[in-house]
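A closer look at the structure
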Amino acid sequence: MKTTKHTLVALVEDKPGVLNRIASLFRRRNFNIESIAVGQSEQSGLSRMTIVVDGDDAKIEQVRKQLDKVVEVIKIMDITDEESVARELALIKVRATPSTRGEIIQIVDIFRANIVDVAVDSLIVEVTGDEDKVDSLIELLRGFGIRELTRTGRIALTRGSAGPLLVEEPKEVKVLRQPLKPPREETESPPDW
Amino acid sequence: MKKTGAQILCECLVREGVEVIFGYPGGAVLPLYDTLPQYPQLRHVLVRHEQCAAHAADGYARATGRTGVCLATSGPGATNLVTGIANAYLDSSPMVAITGQVATPFIGKDAFQEIDITGITLPITKHNYLVLNAADMSKVVREAFYIAGAGRPGPVLIDIPRDVFQQETEFIYPERVDLPGYKPRLFGHPTQIKKAAELINGAHKPLIIAGRGVIISKAFAELRELAEKAQIPVVTTLLGIGCFPETHVLSFGWLGMHGMVYANKAVQDADVIVAIGMRFDDRATGMVSSFAPKAQIIHIDIDPAEIGKNVRVDVPIVGDVKNVLQVLNEQIIPKEHMEWLSQLEQWREEHPALTVRETECLIPQYVIRQIYEVTHGEAIVVTGVGQNQMWAAQFFFYDKPNSLISSGGLGTMGFELPGAIGAKIGRPEETVWCIAGDGGFQMTIQELATIVQEGLDIKIAIINNGYLGMVRQWQQLFYGRRYVHTRLWGPDFVKIADAYGIAALRVTDKKLVTSAIEKAMEHRGPFLIDFVVEPEECVFPIVPPGAALTQFIEMPQEDRVSSQSQQQR
Ligand SMILES: Cc1ncc(C[n+]2csc(CCOP(=O)(O)OP(=O)(O)O)c2C)c(N)n1
Ligand SMILES: [Mg+2]
């Protein structure tokens, strides 16, 4: 069973309970959502959501189709294999003594990150980038002692002028492509009456 | 003109064509109940337990294809609906459930009879709403009915706080529903339909597996045309029973755990399967990895999320069954599959599941067959869950479209009586037989009062085996005959019926079965027959859980009915 990290992006109505409906479909299948980021989109009343979840391809596709049925979900796509730009933001509070401060500032510069708060014995570093970049910076700063850390999780947009998640009537029904004959999978033993 | 929230709700229900509401009052819905008399077009049926309001709305919806409506108060009223809503959800039954809620200032404060019913029903509804302003009411109700009935039908819940019922606002009825996020695909993709036609035209052993989607889509004629045009044998799912005449030469029963051996064999041997409006439930497929090993599968369903969910599909077609079949049928080349059909006939002769065996004692299969004989199949049968359900599905032949109503996906004992109430109210001109288990009947027995109060002419047959029969059967076959807590004492059902004012008979002697059924049919008004049957009869054939469809167990050759099982009950 192939499991990969998937990025789903969704355009959803900005209404109470929507996040709950979406999260609940993942919970039911015991998926652990790695990150979820929601915010306003370019269209008023609609939010754009980026969900990162690890799971087997077929199962994720099944959830995606279920999510597509949620009334408030206008559109949802798995952009894992699409050309896209993905970023996240992290705030890292790192211990800084007079002797380490210079070294930290150097690292922050190399990563084109910013120092957004300075205290007597600590600094808050702000970094934006893809996960690898954020991960490596965190790794480097760990040596100095990280006091607090927060990450937004991934947000993503596909490249090119016409995003696939623009609201418009679908011109043609997308035909599901499925591998010709993968072995049939056995589900767990069925429940009793 | 200004109207209250309750009036707006009623106005909308009337505009949706609602003719009956199954409900139960309470504090939070009192303003609505107080308004109901202003709308005499809305018949209200007072049930005796809210679970049965939902089941009756569900039975009504299944019998008519129209959206059923149930109504309950906040808190316990709402939670009592839950099983019925789940039942409708799993069998794709269109329903709008209306619940009262505590007044808006009290929401979230654990107020008296406050429960988060939209939270509770989130995974068992297609959608749900909490209406916080009377101004939103008409839009919400309009959308709720649209969602419940459109695409793959299902339940929608509307939770309404008490003060919202009382708020006054301008009544504006939305002319259109605009839901950008819910647009079911109704027409199949032409390329896919063409592929399907090619596959069918080239098949040597084609087989149709037809499910409840055919009934929901009312594609009876289209299905028949497809089958007859290319001489394709038809098997149905349990819930598909009644989508194709069972006495038709091309009908080969239904598949699955208690399906006919020849139906299951056909599935396992077919080279092309046309699965129509069905969802490859585990009770139908047996072990998935060995399901239909030789077949290319065409799957027609309105719900894209069902495609490829359980089994691998070669040609998926998303669309309404009726629309898809209309286009598909045009591309089908008339054919005869003599060899394949005679193979199926041979299996049918080798594995006759549907002959009632000769016995001295009273067996349940005989009861069902006699109901079929006496009614000439002119009845809607509503079943319980368990052995009675399987026998009712096996030993009655369903030729009339949509004539079997049964809880499949959730398998809810107790559905039979309220389900029959809904069916009878939806199709009052039809004879309705409720086939109940003695266990299931005791779960919703209180609805006898509803039947009497509403004057409903429902015939009830209790298949009284003194056991939670289906569970006992599993204990017998898979748990070394240890009948742990499945022996079931029951009251004197005839006296019970009598106390409710319902005519009733007990039948213990096989010779009296037919005359009792005739008597029930002649009687004007409800009639109950307590059939005291062989306690340890089993449903055969059975494909053990997790086994392949070919690994069926048939009724043992030796006459199972021994003196030992005829002991005093
Ligand atoms: C509400 C509910 N509880 C438990 C079950 C599990 N169950 C399935 S069949 C069955 C026995 C049903 O007994 P009865 O109604 O007498 O029908 P019989 O099988 O004897 O015909 C039980 C307990 C169920 N399906 N539904
Ligand atoms: Mg029983």
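Residues numbered from 1 in each chain as written. Chains lettered and ligands numbered in written order. Predicted model: local features only at pLDDT ≥ 70, side-chain atom pairs only at ≥ 80, totals over all residues. Heavy atoms only, no water.

1. Focus on the confidence of the model for chain B
Residues and elements named next belong to chain B. On average, chain B scores 96 in pLDDT, and the residues at 70 or more come to 98%. A low-confidence stretch, residues 559-569 stays under pLDDT 50, and its non-local contacts, those more than four residues away or across chains, total 26 contacts. Two summary scores accompany this predicted model of the complex, namely pTM at 0.92 and ipTM at 0.85. (pLDDT = per-residue confidence, 0-100. Contact = heavy atoms within 4.5 Å.)

2. Re the coordination of the magnesium ion (ligand 2)
Ideal donor angles around a metal are set by the shape: a four-donor tetrahedron calls for 109.5 degrees, a six-donor octahedron for 90 or 180 degrees. Residue and element names in this part refer to chain B. Here the magnesium ion (ligand 2) is held by Asp438 (OD), Asn465 (OD1) and Tyr467 (O), and the distances to it run 2.0 to 2.2 Å. Of note, the donors binding the magnesium ion (ligand 2) are all from one chain and are spaced D-x26-N-x1-Y. Note that Asp438 is positioned in helix α18 (residues 438-443) and Tyr467 in the loop between β18 (458-464) and α20 (469-478), a separation of 29 residues in sequence. (Donors = N, O, S within 2.8 Å, 3.2 Å for Na, K, Ca; no water. Helix = DSSP H or I, 4+ residues; strand = E, 2+ residues; numbered from the N terminus.)

3. Side note on the domain arrangement of chain B
By a widespread convention, an interface's size corresponds to the accessible area lost as its parts come together. Residues and elements named next belong to chain B. Here chain B is described as being made up of domain 1 (2-170), domain 2 (190-350) and domain 3 (364-539). Taking only C-alpha atoms into account, the centre of domain 1 sits 37 Å from that of domain 2. Contacts between domain 1 and domain 2 engage 10 residues on the former and eight residues on the latter. Carbon and sulfur atoms supply 49% of the area buried between domain 1 and domain 2, which totals about 690 Å² over both sides. Of all residues in domain 1, Arg62, Asp91 and Arg152 give up the largest surface area on contact with domain 2, accounting jointly for 59% of the area buried on that side. (Domains from an automatic or database assignment. Buried area = accessible area lost by both parts, 1.4 Å probe.)

4. Quick word on the confidence of the model for chain A
Taken as a whole, chain A shows an average pLDDT of 86; of its residues, 83% reach a score of 70 or greater. Per-residue pLDDT stays below 50 along residues 169-193 of chain A; that stretch engages in 51 contacts with residues further than four places along the chain or on separate chains.

5. Quick notes on the environment of Val513(B)
Residue and element names in this part refer to chain B. Structurally, Val513 is set in helix α22 (residues 513-522). A residue is classified by how much of its surface remains accessible, and Val513, at 0% relative accessible area, is buried. In the structure, Val513 is positioned 17 residues away from Asp530 in sequence and 10 Å away in space, judged by C-alpha atoms. Not counting residues up to four positions away in its chain, the partners in contact with Val513 are Leu362, Tyr366, Val367, Gln370, Val507 and Phe531. (Buried < 20%, exposed > 50% of the residue type's maximum accessible area, 1.4 Å probe, protein only.)

6. Things to note about helix α2 (residues 57-69) of chain A
Residues lying three or four places apart along an α-helix face the same way, a consequence of the helix completing one turn every 3.6 residues. Residues and elements named next belong to chain A. A rise of 1.5 Å per residue sets the reference length of α2, with its 13 residues, at 18 Å; its end C-alpha atoms lie 19 Å apart and thus fit the reference within 8%. All of the buried residues along α2 are Ile60, Gln62, Val63, Arg64, Lys65, Gln66 and Leu67. The secondary structure elements touched by the buried residues of α2 are β1 (3-13), α1 (18-28), β3 (46-56) and β4 (73-78). Two to three positions downstream of the cap, the backbone nitrogen of Ala58 sits 3.0 Å from a side-chain oxygen, assigning the N-cap of α2 to Asp56. (Expected span 1.5 Å × (residues − 1). Polar contact = N/O pair within 3.5 Å; in protein donor to acceptor, adjacent residues only side chain to side chain.)

7. Remarks on the domain arrangement of chain A
Examined at the domain level, chain A breaks down into domain 1 (4-82) and domain 2 (85-151). Distance from the C-alpha centre of domain 1 of chain A to the C-alpha centre of domain 2 of chain A: 30 Å.

8. Description of the site of ligand 1
Residues and elements named next belong to chain B. As a matter of local geometry, ligand 1 sits amid 18 residues, with Gly411, Asp438, Gly439, Gly440 and Gly469 nearest to it. The contact in question runs from an oxygen atom of ligand 1 to an N or O atom on the side chain of Asn465, over 3.0 Å. Between ligand 1 and the protein, one listed contact pairs an oxygen atom with a backbone N or O atom of Met470 at 2.9 Å. The protein chains hide 83% of the 580 Å² of surface that ligand 1 would expose on its own. When residues of the shell around ligand 1 are traced back to their parent elements, those giving at least two are α16 (387-395), α18 and α20. (Near = heavy atom within 4 Å. Areas by Shrake-Rupley, 256 points an atom, 1.4 Å probe, with all protein chains shown as cover.)

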